[in-house]
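Coordinate analysis (summary)
Below, each chain spelled out in residue letters.
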Amino acid sequence: MSSSTPDIRLASKQTAFSEIPIVDVSTLVDGSDPEGVAKKIGEICEQVGFFYVKNHGVAEDLIKRMYTISERFFDLPFAAKDRLSVANSGPTLRGYIPTYGENVDPEHTRDFKECFDFGADEEAVSPFFGPNQMPAELPEFEAICAAYHSAMMTLARKLISAIALSLDLPADYFEKMQRKPITIQRLLHYPPQQGEVTQEEIGIGAHTDYGFLTILSQDSVGGLQVRNRDGDWVSAPPVDGTFIINIGDLVQTLTNDRYSSTVHRVVNTTGRERYSIPFFMDLDFDAVVEPLPSCVSSENPAKYTSYKCGEHKYTRFAKSYAHLRETVGA
Ligand SMILES: O=C(O)CCC(=O)C(=O)O
Ligand SMILES: [Fe+2]
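Each value, and the rule that gives it
- Residues numbered from 1 in each chain as written.
- Chains lettered and ligands numbered in written order.
- Predicted model: local features only at pLDDT ≥ 70, side-chain atom pairs only at ≥ 80, totals over all residues.
- Heavy atoms only, no water.
- UniProt positions renumbered as here; feature names shortened; annotations may be inferred.
- Near = heavy atom within 4 Å.
- Polar contact = N/O pair within 3.5 Å; in protein donor to acceptor, adjacent residues only side chain to side chain.
- Areas by Shrake-Rupley, 256 points an atom, 1.4 Å probe, with all protein chains shown as cover.
- 1 Å grid on protein atoms, 1.4 Å probe; cavity = no way out; pocket = protein on both sides within 12 Å on 5 of 7 lines; lining within 4 Å.
- Sits in = over half its atoms within 2 Å of the grid points.
- Helix = DSSP H or I, 4+ residues; strand = E, 2+ residues; numbered from the N terminus.
- Nonpolar A, V, L, I, M, F, W, Y, C, P; charged D, E, K, R; others polar.
- Donors = N, O, S within 2.8 Å, 3.2 Å for Na, K, Ca; no water.
- Buried < 20%, exposed > 50% of the residue type's maximum accessible area, 1.4 Å probe, protein only.
- Phe/Tyr/Trp six-rings, centres within 6.5 Å; stacked < 30°, edge-to-face > 60°.
- Lys NZ or Arg CZ within 6 Å of the ring centre and 35° of its normal.
- Expected span 1.5 Å × (residues − 1).
- Contact = heavy atoms within 4.5 Å.
- Salt bridge = Lys/Arg side-chain N within 4 Å of Asp/Glu carboxyl O.

The name given to the chain in an unreviewed UniProt entry is Oxidoreductase, and the organism recorded there is Microlunatus phosphovorus. Note on the chain: under the UniProt heading Sequence similarities (unreviewed entry), the record states "Belongs to the iron/ascorbate-dependent oxidoreductase family." Taken directly from UniProt, the Pathway (unreviewed entry) text for the chain runs: "Antibiotic biosynthesis."

Taken together, 13 residues sit near ligand 1, with Y190, H207, H264, R274 and S276 positioned nearest. At 3.1 Å, a side-chain N or O of H207 approaches an oxygen atom of ligand 1. At a separation of 2.7 Å, an oxygen atom of ligand 1 approaches a polar side-chain atom of S276. For ligand 1, whose free accessible area comes to 300 Å², the fraction covered by protein is 96%. Judged by the proximity of its atoms to the pocket grid, ligand 1 belongs to the largest cavity. If you tally residues by element for the shell around ligand 1, the top one is strand β14 (residues 274-281), at 4 residues. Taken together, the residues that form the shell around ligand 1 break down as 8 nonpolar, 3 polar and 2 charged.

Reference geometry at the metal: tetrahedral coordination by four donors gives ideal angles of 109.5 degrees; octahedral coordination by six donors gives 90 or 180 degrees. Ligation of the iron ion (ligand 2) by protein atoms is provided by H207 (NE2), D209 (OD) and H264 (NE2), these donors lying 2.1 Å from the ion. Within one chain, the residues serving as donors to the iron ion (ligand 2) are arranged as H-x1-D-x54-H. Of this pair, D209 sits in the loop between β8 (204-207) and β9 (213-218) while H264 sits in strand β13 (residues 264-266), and the two are 55 residues apart along the sequence. Summarising the burial analysis for this pair, D209 and H264 share the class buried.

Taken as a whole and assessed by the stated rule, the structure comprises 16 aromatic pairs. For the pair F128 and F285, a centre-to-centre distance of 6.4 Å together with 45° between the ring planes defines the contact as tilted. You can see F128 sitting in the loop between β5 (114-118) and α5 (141-166) and its partner F285 sitting in the loop between β14 and β15 (288-289), a full 157 residues away along the chain. Linked through ring pairs, F73, F74, F78, Y96, F116, F118, F141 and Y275 together constitute an aromatic cluster. The lysine or arginine in question, R110, covers the ring of Y100, its NZ or CZ lying 4.0 Å from the ring centre. Between the NZ or CZ atom of R265 and the centre of the ring of W233, over which it lies, the distance is 4.0 Å.

Glancing now at the UniProt feature "domain: Fe2OG dioxygenase" (unreviewed entry) in the chain. As annotated in UniProt, the feature "domain: Fe2OG dioxygenase" (unreviewed entry) corresponds to residues 180-283 in the numbering used here. Strand forms 42% of residues 180-283 and helix 6%; the C-alpha atoms that close the span are 8 Å apart.

Before going further, it helps to spend a moment on helix α2 (residues 34-47). In this model, α2 (14 residues) spans 20 Å end to end at C-alpha, consistent with the 20 Å of a helix rising 1.5 Å per residue. Those residues of α2 hidden inside the fold are in contact with β1 (22-24), α1 (26-29), β2 (50-54), α5 and β12 (242-247). Positioned one or two residues after α2, G49 has a phi angle of 85°, which is positive.

A few words now on the pattern of salt bridges. Inspection of the entire model under this criterion finds 16 salt bridges. With a closest N to O distance of 3.2 Å, D111 and K113 form a salt bridge. As far as the burial class goes, D111 and K113 line up, both buried. D249 is paired through a salt bridge with R316; the nearest N and O atoms lie 2.6 Å apart. Of the two residues, D249 is situated in helix α6 (residues 249-254) and R316 in helix α7 (residues 309-320); the sequence distance between them amounts to 67 residues. We classify D249 as buried; its relative accessible area is 12%. A single salt-bridge network, built from bridges that share partners, covers E102, D111, K113, D117 and R186.

What follows is the structure, encoded as structure tokens:
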């Protein structure tokens with residue numbers, strides 16, 4: 001492991017948060033002007049790949065309840081959390097992932113975070129689908145998580161319709177690829193780091209998100225940084241009443257690099273515990289991902305060969321999950 005990888009710098013470029021734009025999505029949520037919102041989102045997906053959304057329609061109280069239950073979950077004794085280990089979940093990849101259990105930039109960084117993953121609960125097991133593992137110690141956990149997941153699905157579908165419109169496609173264009181999409185609802189806890197911090201160990205290493213779209217709620221602590229085109233790290237500070245949206249690798253492929261799946265990381269040196277709640281929305285497991293015909297021309301030929309959403313995603317997890325790396329001997 002090297003401590004001098006050139007493109008990872010720990011000094012965040014402290015810019016005004018307007019560097020990551022804020023979009024008022026009320027007219028998308030209420031249906032009165034989806035095109036107006038789509039136009040803004042399209043420009044931002046090209047230039048930044050990250051944006052805040054306000055007036056998103058998700059009840060403040062539900063978000064608060066999610067944070068409260070998340071803190072109570074991570075406060076459980078390690079043995080209680082470890083009983084729900086993702087390593088016991090087979091291909092569903094649902095459950096508890098301890099510190100260093102997932103390292104998203106394994107060549108450079110160990111991730112100093114713990115997380116808990118779940119999704120829509122169902123009996124049949126297949127990669128990314130199946131039963132959730134829920135903590136018996138917290139009887140209300142499951143219902144709050146299910147309500148939050150459902151609110152995220154609704155918002156994600158609206159944002160995805162705006163992305164389709166922004167590409168001059170019908171609003172429902174992606175629905176045929178999202179009949180039963182892979183989703184991951186994650187709870188994250190970043191303990192504070194003290195002393196000398198190097199890129200070898202930070203909250204979450206530099207990465208792009210693997211899927212279609214991420215809806216991130218962060219608490220008031222801060223620490224998320226987004227890498228711009230010059231390679232500078234720009235802070236994405238907490239903004240009350242917002243989610244942060246970023247697009248993932250699937251959209252970059254579908255748009256043939258027109259929209260950017262932007263690199264980001266978390267460094268928590270605030271001295272406080274940080275909690276965040278990302279929701280990842282993908283395509284159906286078998287959806288074929290390749291540049292859209294409208295994003296390809298003779299001057300701009302396809303830069304990607306096609307792949308299946310679920311296989312791509314599983315391959316990325318196999319590289320970052322410690323328990324899967326051991327299995328495949330990577
Ligand atoms: O916790 C955050 O602010 C970001 C988390 C993240 O990037 C991820 O889980 O992919
Ligand atoms: Fe991410």
